[in-house]
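So you can see what is in the structure, the chains are spelled out below.
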Amino acid sequence: MSDMTPNPDLAIRMSGVTKIFGPDPQGALALLRSGRSKSEVQSETNHVVGLDDVSLDIARGQIFVVMGLSGSGKSTLIRHVNRLIDPTAGEIVVEGTDVLKMSLPELRGFRRNTVAMVFQKFGLLPHRSVIDNVAYGLEVKGVPKAERLEKAAGWIETVGLAGYEQSRPRQLSGGQQQRVGLARALALDTDIILMDEAFSALDPLIRSGMQDQLIELQKSLGKTILFITHDFDEALKIADRIAVLKDGAVQQVGKPQDIVLKPANEHIEEFVREVNKARAIQVRTIMERGEFDPCDQSVPDTARCEDVLPLFAENQWVGVVNDSGRQIGRITAKQVIKALARYSASTMN
C-alpha cells in the first residue's frame, strides 16, 4: 500500500482500493489476491469484482478523467470518493481527510461542503423550477432563501440559462437540463466536483458545447473535477490527466498525449487506433523554442495541434506563449504535419 501521508498538492488519493460485490467479499478478496482473475473469482464465488487494487493521485485544480468501456468499474470508482460505496479494501483520502474514518454526521457535512456530484440522468426535481433546483443544495445547507436564490441566479446565468429561472425541467431540452445539473453543483462552491458520464446522454453537438463550457468555466474556477466517460475523444478534449480502467483495474495513467502516443498495452492501443492525433499532441512538445519576432496570432503552450491548425490559413507561423503570456517559441504548419505523420506511422507499425 502506498504512503498516504497528506499531500497539500493532492485533492484525492486512492490507494489499493478494491471493491467486491457479494455476501462474502473478504473470501473473494483472498482469492483475488492469490492471483485469480476477475472472471475466475466471479465463476468460483459468484462475486463481482468492481475495482481491483486501484491507486490514483488526483492533483488540485485538475480535470482528471477516468475512462473505460461499460463494466470497467469507472462509475463504481467515482462513488467511492463521496462514499456512496464503501470499499472492500484500500484507503481514500480527500482534502487530507480519511473518508473511510468519517462518522455519519461528518460524512453528511463532507458531501454538502467538499464534494458535489453531477449525474448522467441529471437528477433534477421535476416539481421544482430551474432556480429552485439550482438552489436546492444551498437550501439543504441552511443558506437563507434570499442568499441562495441570488447565488443560484448567478450560476444560471453563467451556464447560459438566464430567462429560464421559473421553467420546470420538463420544459427544457436535455442539454438545458444538464446545464441546470451543472449549475446546481457549481452553486455549492465545493472544491471538488464529481461528474459521472455527465454529458453522455446528450446529442453530439450539444455535448461538444457542454465540453467547451466546462473547459472555459474551469479556466476561471480552478476546481478539482473527477470526470467519468467511455468516450475517448471526450477524454482527450477536456482532460489534464487520464486513467484508463479495464475489469476494475488501472491500465495506464498519464497526460492525454502520453496515453495516445505511448499506449501501455494492447487494450489501450485498441482505444487509440482511430483517435484524432491532432487532439492529443500539445504544441509545446513539437514547437521551435527561442526568441522570434512577435506574432499577431499566438496560442498557449498547452494548446493542441487541433487548436492551432486553423490558424495557418492566414499565418505562416504562430507564436507560443507561457502561462504569463510571454512568447517562448513558435509553431509552423510543417512541424504539426510532420508530428502527425510520425505518430500516425508509429501506431500503424
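Naming follows an unreviewed UniProt entry, where the protein appears as Quaternary amine transport ATP-binding protein of Devosia enhydra. For the protein, the Sequence similarities (unreviewed entry) comment in UniProt is given as "Belongs to the ABC transporter superfamily."

A. Seen up close, helix α3 (residues 74-81). Across the 8 residues that make up α3, a large majority, 6, are buried. The complete set of buried residues in α3 reads K74, T76, L77, I78, H80 and V81.

B. Fine view of the pattern of salt bridges. Enumeration according to the criterion identifies 16 salt bridges in this entry. Here K74 and E197 are joined by a salt bridge, their closest N and O atoms 3.9 Å apart. Of this pair, K74 sits in helix α3 while E197 sits in the loop between β7 (192-196) and α9 (204-221), and the two are 123 residues apart along the sequence. With respect to class, K74 is no different from E197; both count as buried. The salt bridge partner of E234 is R207, with a shortest N-O separation of 3.1 Å. With E234 in helix α10 (residues 232-238) and R207 in helix α9, this pair connects stretches of sequence that are 27 residues apart. R207 shares its class with E234; the two are buried. In this structure, a network of salt bridges that share partners links the residues R207, D231 and E234.

C. Looking closely at the sheet that holds strand β6 (residues 115-118). Read from one edge to the other, the open sheet built from 6 strands follows the order β6-β7-β8-β3-β9-β10, with strand pairing classed as mixed. Edge strands, defined here as strands with exactly one partner in the open sheet, are β6 and β10 (249-254). Pairs of neighbouring strands in the sheet enclose a mean axial angle of 15°, with direction left out of account. With 4 bridges joining them, strand β3 (residues 63-67) and strand β9 (residues 241-246) adopt parallel strand pairing. In the strand pairing of β9, V65 is matched with I242. This element, α3, spans β3, β6, β7, β8 (224-229) and β9 of the sheet and lies at about 155° to β8.

D. Fine view of α9. With 18 residues, α9 should cover 26 Å at 1.5 Å per step; its first-to-last C-alpha distance of 25 Å lies within 8% of that length. Among the residues of α9, those classed as buried are R207, M210, Q211, Q213, L214, L217 and Q218. For α9, the buried positions fall inside an angular range of 165° around the axis, keeping them on one side. Facing away from the buried side of α9, by more than 90 degrees, are the exposed residues L205, K219 and S220. Buried residues belonging to α9 abut β3, α7 (145-158), α8 (174-187), β7, β8 and α10. Remark: G222 follows α9 within two positions and exhibits a positive phi of approximately 60°.

E. Structural view of the domain arrangement of the protein. The domains assigned to the protein are domain 1 (2-114 + 190-275) and domain 2 (278-348). Relative to domain 2, the C-alpha centre of domain 1 lies at a distance of 31 Å. Taken residue by residue, the interface counts 8 residues in domain 1 and 7 residues in domain 2. Counting the surface domain 1 buries against domain 2, the share from its top three residues, L236, Q257 and L261, is 58%. Linking domain 1 with domain 2 are 0 salt bridges, by the criterion used here. At the boundary of domain 1 with domain 2, the tally comes to 4 residue pairs in polar contact (both at pLDDT 80 or more). Elements with a contribution of two residues or more to the side of domain 1 that touches domain 2: α10 and α11 (256-261). Per element, the largest residue contribution to the side of domain 1 that touches domain 2 is 4 residues, and it comes from α11. Here the side of domain 1 that touches domain 2 is composed, by residue class, of 5 nonpolar, 1 polar and 2 charged.

So, how was this worked out
Residues numbered from 1 in each chain as written. Predicted model: local features only at pLDDT ≥ 70, side-chain atom pairs only at ≥ 80, totals over all residues. Heavy atoms only, no water. UniProt positions renumbered as here; feature names shortened; annotations may be inferred. Buried < 20%, exposed > 50% of the residue type's maximum accessible area, 1.4 Å probe, protein only. Helix = DSSP H or I, 4+ residues; strand = E, 2+ residues; numbered from the N terminus. Salt bridge = Lys/Arg side-chain N within 4 Å of Asp/Glu carboxyl O. Pairing = 2+ DSSP bridges. Axes fitted to C-alpha atoms, helices over the stretch in contact; angles between N-to-C directions. Contact = heavy atoms within 4.5 Å. Expected span 1.5 Å × (residues − 1). Arc of directions from axis to C-beta. Domains from an automatic or database assignment. Buried area = accessible area lost by both parts, 1.4 Å probe. Polar contact = N/O pair within 3.5 Å; in protein donor to acceptor, adjacent residues only side chain to side chain. Nonpolar A, V, L, I, M, F, W, Y, C, P; charged D, E, K, R; others polar.

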